[in-house]
Amino acid sequence: MSKLGQVVESIEKYNKFVLDQVRRARIDDEFGRELLGRWNDIKAKIPATRTPTGLPLPRLALPEIDEAGEIARYLFGEGLPGEFPFLNGAYREMYLEPVREIESFEKNAEPPQPSSRPPLPQAEEPTRLFSGLMLAEDTNERFHYLTRHQRTHRLSTAFDGPTLYGIDSDADGVFGKIGEGGVAIDTVEDMVRLYDGFDLGSPNFSASMTISGPAPIIMAMYIAAAKRRFGPKVVSKLRGTIQADIFKEVQAQNETIFPIEASLRFLTDMVEFTTQEMPRWYPISISGYHIGEAGSTPVQQAAYTLSNGFAYAEMFAARGIPVDQFGPRLSFFLDCGLDAEYIALARVSRRIWAIGMRDVFGAGPRAQLFKLHTQTSGRSLIAAEFKNNLTRTAAELVLAYMNATNSCHSNSADEPFTTPSEEWIRLAAHGQAILLEESGIFKHTMNMLSGSPGMKAVERAVEVAILDEFREIERLGGVLAAVEDRYQRSQIQNAAHRYEQQIYSGARPIIGLNRYRDCAEEMPEVKLVRTSRKKQQLQVDRLAKFKKKNAEKARRALDKLADVVERGWNCFPMLLEAAEVCSLGQITDRLQEVVGRFRPMV
């Protein structure tokens, strides 16, 4: 039995344990009294808060139960926020504003006077801002625009097509794609320009890079750029995430440049280095978002993401990296659409991950946490009557925060047409600010929207369906064997086909497209964000200059890199050297000479 099969057994065993605890609480008077005493103690210690209108609220909402069996079901089956199995949240408090001194709200009282005390410290915003367009300096300008009103700078970076495939901007046939749909990054000098003006070693800055195939190379360039600006000591302070998820590329997104075995080896080399040298860096974001965007059902998205995560954990442990060293540095990325499953999808995923990591991999509390970034669904955005996309995204944001996501990105309404413009990307960011800061839905009380009968029903159904998917993957021989059998890809394709059929038949209502459409409305005039030929030529010229300047150094660095790879050693330290003097395409080409290219499986 593989580790995934053991995970299924561990979930079933844990669910039985919960039921045993419920029964024990109802027949063992001493145990029941102990649980009731603990429950009352928890409730007594919950601090009070007040809304701006004076309504008193507990800072943590708990169900109104006083029966020992139901208390056992809650404490063991769900856990308080920040407690195993983490169904209600990875941390004790999330999104809450600081505890403030209770003001008087008595009738006819004088209005409170402005306080002379310094403002209370604010928690880090969960909002993560995503951008990537044209050249590095253009994306840098957009980053500064987006962070103008942010206390903490959490930047996600989208790369253009050539960069995603490890191809240089001067390669044959890519000129027109330079800077389209993302930022063009060829060299460490581009990386310096990309984050210019940001303090990369600050505890209030983090960078996320959405790239997988050449992720170790881009990671090495980021470290090299940081060292150029801040010196070698900055490396241990760097904070952020790089996607680096090869499994989801093969299953859904197709941006794979090395054979699977070699890709996984380069990834593990990077993970081994970063877990030792960069304690604040997440070297892999195990990504369901692209699986969802490729057409999967919500359950398939969660099941494939979780099973991929367990496969990575098994792989890193086999390398000899301790689970409590790599486990806390794993992160996850899920889509959030409008299907009913999203009411509880992330909650259930968090529980399954915690139980599996603890009971199968022997992970400690920090390595049990399912640390989640959520993005609203790009697939749900519709060109027809596109302003409705604001409402779709707002609803998806509520679902994401109901699921206690750790960070979130909201898509822009104009994305069906173009790279988001400043107007619409600002509105997308404001959607989160309105929800988290202006509204009182999440900032006063934890668990404000959790635990309804409907949510519990969805949780039960989703968990059963995810475990069924695990069993099928296990039957096929595990994640890698299922990938080679094209199982995940075929299931995603089937689900995508059903989704489109439902839209065209009207079984799946899409407002403004197949229901309530204003047939008189014409497609809006939308200004497309495009990279000018002048900018594209500038990128090619910069690259030529870099290659000429470093030609001899690059040759030596590439020879040393190839030698390390052929010897089977960890190649990431050598990648760091190569990133100083070689372009992305030069490194990719040389590695492909050694390990080969990815060939899609038939």
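Preceding this paragraph is the structure being described.
For the structure given in this document, a descriptive report is provided here.

Each value, and the rule that gives it
Residues numbered from 1 in each chain as written. Predicted model: local features only at pLDDT ≥ 70, side-chain atom pairs only at ≥ 80, totals over all residues. Heavy atoms only, no water. Helix = DSSP H or I, 4+ residues; strand = E, 2+ residues; numbered from the N terminus. Rg over C-alpha atoms; globule rule 2.2 N^0.38 Å. Buried < 20%, exposed > 50% of the residue type's maximum accessible area, 1.4 Å probe, protein only. Contact = heavy atoms within 4.5 Å. Areas by Shrake-Rupley, 256 points an atom, 1.4 Å probe, with all protein chains shown as cover. Expected span 1.5 Å × (residues − 1). Pairing = 2+ DSSP bridges. Axes fitted to C-alpha atoms, helices over the stretch in contact; angles between N-to-C directions. Patch = residues over 30% accessible without salt bridge, like charges linked within 9 Å, V, L, I, M, F, W, Y side chains within 5 Å. Salt bridge = Lys/Arg side-chain N within 4 Å of Asp/Glu carboxyl O. Phe/Tyr/Trp six-rings, centres within 6.5 Å; stacked < 30°, edge-to-face > 60°. Lys NZ or Arg CZ within 6 Å of the ring centre and 35° of its normal. 1 Å grid on protein atoms, 1.4 Å probe; cavity = no way out; pocket = protein on both sides within 12 Å on 5 of 7 lines; lining within 4 Å. Points joined across faces, edges and corners; volume = space filled by probe spheres on them. Nonpolar A, V, L, I, M, F, W, Y, C, P; charged D, E, K, R; others polar. Right-handed = clockwise from strand over helix to strand, strands pointing away.

### Quick look at the overall build of the protein chain
Across its full length, the protein chain holds 22 helices and eleven strands. Over its C-alpha trace the protein chain gives a radius of gyration of 25 Å, about what one expects of a compact globule, namely 25 Å for 602 residues. Seen through its C-alpha atoms, the protein chain measures out along the principal axes to roughly 75 × 60 × 55 Å. In the protein chain, which comprises 602 residues, the proportion classed as buried is 55%. Taking contacts inside the protein chain between residues at least 6 apart in sequence as the whole, the part at least 24 apart equals 78%. For the protein chain, the exposed surface amounts to about 26500 Å²; the carbon and sulfur share of it is 52%.

### Observations concerning helix α9 (residues 260-277)
With 18 residues, α9 extends 26 Å from end C-alpha to end C-alpha; this agrees with the ideal 26 Å at 1.5 Å per step. Across the 18 residues that make up α9, a large majority, 13, are buried.

### Details of the sheet that holds strand β8 (residues 284-287)
With respect to topology, four strands assemble into an open sheet ordered β8-β9-β10-β11, the strand pairing being parallel. Only two strands of the sheet have a single partner each, and these edge strands are β8 and β11 (407-409). Within the sheet, the average angular offset between the axes of one strand and its neighbour, ignoring direction, is 25°. With four bridges joining them, β8 and strand β9 (residues 330-336) adopt parallel strand pairing. Bridging from a neighbouring strand, S287 pairs with F333 of β9.

### Some words on helix α15 (residues 422-438)
Listed as buried for α15 are W424, I425, A428, A429, Q432, L435 and L436. Considering only its buried residues, α15 is in contact with β3 (129-131), α4 (136-146), α14 (389-402) and β11.

### Here we look at a nonpolar patch on the surface
A cluster of nonpolar side chains, namely I441, M448 and L449, defines an oily patch on the protein surface of about 200 Å² accessible area. In this structure, I441 sits in the loop between α15 and α16 (453-475). Taking relative accessible area as the criterion, I441 reaches 30% and is therefore assigned partly exposed.

### A few points about the packing of aromatic side chains
Inspection of every chain in the model, using the stated rule, returns 28 aromatic pairs. Pairing F143 with Y195 gives two aromatic rings, centres 6.1 Å apart and planes at 10°, and the pair type is stacked. Remark: Y195 occurs in the loop between α6 (188-194) and β5 (205-210) and F143 occurs in helix α4; sequence separation between them is 52 residues. Look at F143 and you get buried, because its relative accessible area is 0%. Measuring from ring centre to ring centre gives 4.2 Å for F332 and F370, while their planes differ by 20°; the resulting arrangement is stacked. Of this pair, F332 sits in strand β9 while F370 sits in the loop between α13 (345-359) and β10 (372-376), and the two are 38 residues apart along the sequence. Exposure remark for F332: the relative accessible area of 1% places this residue in the buried category. A residue is classified by how much of its surface remains accessible, and F370, at 1% relative accessible area, is buried. Taken together, the aromatic side chains of F143, Y195, F198, F205, Y222 and W281 make up a single cluster linked through ring pairs. Here the guanidinium or amino end of K3 rests over the ring plane of F361, the centre of that ring lying 5.4 Å away. Directly above the aromatic system of F31 lies the positively charged group of R24, at a separation of 3.8 Å from the ring centroid.

### Section: empty space enclosed by the protein
The full count for this structure, using the stated rule, is six cavities of 30 Å³ or more. Its boundaries defined by the atoms lining it, the largest cavity holds a volume of some 110 Å³. Around the largest cavity, the lining is made up of 13 residues, and of these Y95, Y401, F442, M446 and N447 lie nearest the centre. In the lining of the largest cavity, the residues fall into nine nonpolar, four polar and no charged. As a volume, the second largest cavity reaches approximately 60 Å³. Lining of the second largest cavity is provided by L334, D335, C336, Y342, L345, A346, T374, A400 and N403. Where the lining of the second largest cavity is concerned, the elements lending two or more residues are β9 and α13. Per element, the largest residue contribution to the lining of the second largest cavity is three residues, and it comes from β9. Broken down by class, the residue content of the lining of the second largest cavity amounts to six nonpolar, two polar and one charged.

### Remarks on the pairing of β10
Of all five residues in β10, five are buried; the element is thus mostly enclosed. The sheet contact formed by β9 and β10 spans five bridges and is parallel. Opposite C336, over in β10, you have T376 as the bridge partner. Handedness of the crossover joining β9 and β10 through α13 is recorded here as right-handed.

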